[in-house]
Amino acid sequence: MKFYLIRHGDAVPSQALNADAIRPLSKLGEAEVTINGKWLHRHLQQQGVEQLDWLISSPYIRARQTAAIVQQHCAAIQQSESADATPDGDPQQFADWLFAELAVNHARAQHVALVSHMPFVSYLVQTLDATRQPIVFPTASIAEFELDLAMLRGTFQRLIVPETILT
């Protein structure tokens, strides 16, 4: 099973204390996500796949906006949010939930994506693939994994970074 771990696009700066959850994407962020949303669509088509089976996002606005842009280019059969996929979420708790959901409610899923935040995405890499150190994700980057549902682990494949955007 393929799992795509996506960091949200560039977001506007926080304007007030405790405003992190409501920060929207910037214009640059929208452009970054569009580039990698198109990449993901082409990548799936090369595998003979037309859509994601399941698209999960953090409930934070910039993650939901990123998921919406990804879905414009790469449709998803099912969508949901996970409150565990926030910047300070527990990667092990999320991974346990993900594997349980895949086993029980998404047993036929072959292509699943999660939109989340730093540092959560960085630590989730190491949680899924214990042979990897946490990595720094540029905004709108996509880490590709092969998940082994029987072994409850993943194998990191590569990190796709948006092409340089000229403004």
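Here we summarise the structure given alongside this text.

Rules and cut-offs
Residues numbered from 1 in each chain as written. Predicted model: local features only at pLDDT ≥ 70, side-chain atom pairs only at ≥ 80, totals over all residues. Heavy atoms only, no water. Helix = DSSP H or I, 4+ residues; strand = E, 2+ residues; numbered from the N terminus. Rg over C-alpha atoms; globule rule 2.2 N^0.38 Å. Buried < 20%, exposed > 50% of the residue type's maximum accessible area, 1.4 Å probe, protein only. Salt bridge = Lys/Arg side-chain N within 4 Å of Asp/Glu carboxyl O. Expected span 1.5 Å × (residues − 1). Arc of directions from axis to C-beta. Contact = heavy atoms within 4.5 Å. Pairing = 2+ DSSP bridges. Right-handed = clockwise from strand over helix to strand, strands pointing away. Axes fitted to C-alpha atoms, helices over the stretch in contact; angles between N-to-C directions. Parallel < 35°, antiparallel > 145°, perpendicular 65-115°, else oblique. Left-handed = near helix turned anticlockwise from the far one by under 90°. Nonpolar A, V, L, I, M, F, W, Y, C, P; charged D, E, K, R; others polar.

### Examining the overall build of the protein chain
- For the protein chain, the helix and strand inventory stands at four helices and six strands.
- Going from N to C terminus, the protein chain has its helices and strands arranged as β-α-β-α-β-α-β-α-β-β.
- Here the C-alpha atoms of the protein chain give a radius of gyration of 15 Å, agreeing with the 15 Å that 2.2 N^0.38 yields for 167 residues.
- Oriented by its inertia axes, the alpha-carbon framework of the protein chain measures out at about 45 × 35 × 30 Å.
- The proportion of buried residues among the 167 residues of the protein chain is 49%.

### Re the pattern of salt bridges
- Applying the stated rule across the entire model yields seven salt bridges.
- Its salt-bridge partner being D20, residue R62 comes within 3.0 Å of it at the nearest N-O pair. On the criterion of sequence distance, the pair formed by R62 in helix α2 (residues 61–73) and D20 in the loop between β1 (2–7) and α1 (27–46) is long-range, its members being 42 residues apart.
- Since its relative accessible area comes to 2%, R62 is described here as buried.
- Given the relative accessible area of 29%, D20 is considered partly exposed.
- Across the salt bridge formed by R158 and E144, the nearest N and O atoms sit 2.7 Å from each other. Of the two residues, R158 sits in strand β6 (residues 153–160) while E144 sits in strand β5 (residues 142–148), which places them 14 residues apart along the sequence.
- On the basis of relative accessibility, which here comes to 35%, the residue R158 falls in the partly exposed class.

### Quick look at α2
- Compared with an ideal rise of 1.5 Å per residue, which puts 13 residues at 18 Å, α2 spans 19 Å between its outermost C-alpha atoms and is within 8% of the ideal.
- Regarding α2, the residues found buried are R62, A63, T66, A67, I69 and V70. Projection of α2 onto a plane perpendicular to its axis shows the buried side chains occupying an angular sector of 165 degrees, all on one side.
- Lining the buried residues of α2 we find β1, α1, β2 (52–57), β3 (76–81) and β4 (111–116).

### Here's the deal with the pairing of β3
- In the sheet, β2 pairs with β3 via five bridges, with the strands oriented parallel. Of the residues in β3, the one forming a bridge with W54 is Q78.
- In the classification by handedness, the crossover that spans β2, the intervening α2 and the parallel β3 is right-handed.

### Some points on the sheet that holds β5
- The mixed open sheet is built from six strands, whose spatial order is β3-β2-β4-β1-β5-β6. Bordering the open sheet on either side are β3 and β6, each of which pairs with just one other strand. Across the sheet, the mean angle from the axis of one strand to that of its neighbour is 20 degrees, orientation sign disregarded.
- When β2 meets β4, the two strands line up parallel, connected through four bridges. Bridge pairing links W54 to V112 in β4.

### Points about the packing of helix α3 (residues 91–104) against helix α4 (residues 120–128)
- Relative to each other, α3 and α4 sit at 60 degrees, their axes nearing to 9 Å. Judged on the interaxial angle alone, α4 and α3 are oblique. Helix-helix and strand crossings are classified by hand; for α3 and α4 the assignment is right-handed. Residues P91, Q92, F94, A95 and F99 of α3 touch α4, and the partners they reach there are F120, Y123, L124, T127 and L128.
- A class-by-class count of the residues in the contact of α3 with α4 yields eight nonpolar, two polar and no charged.

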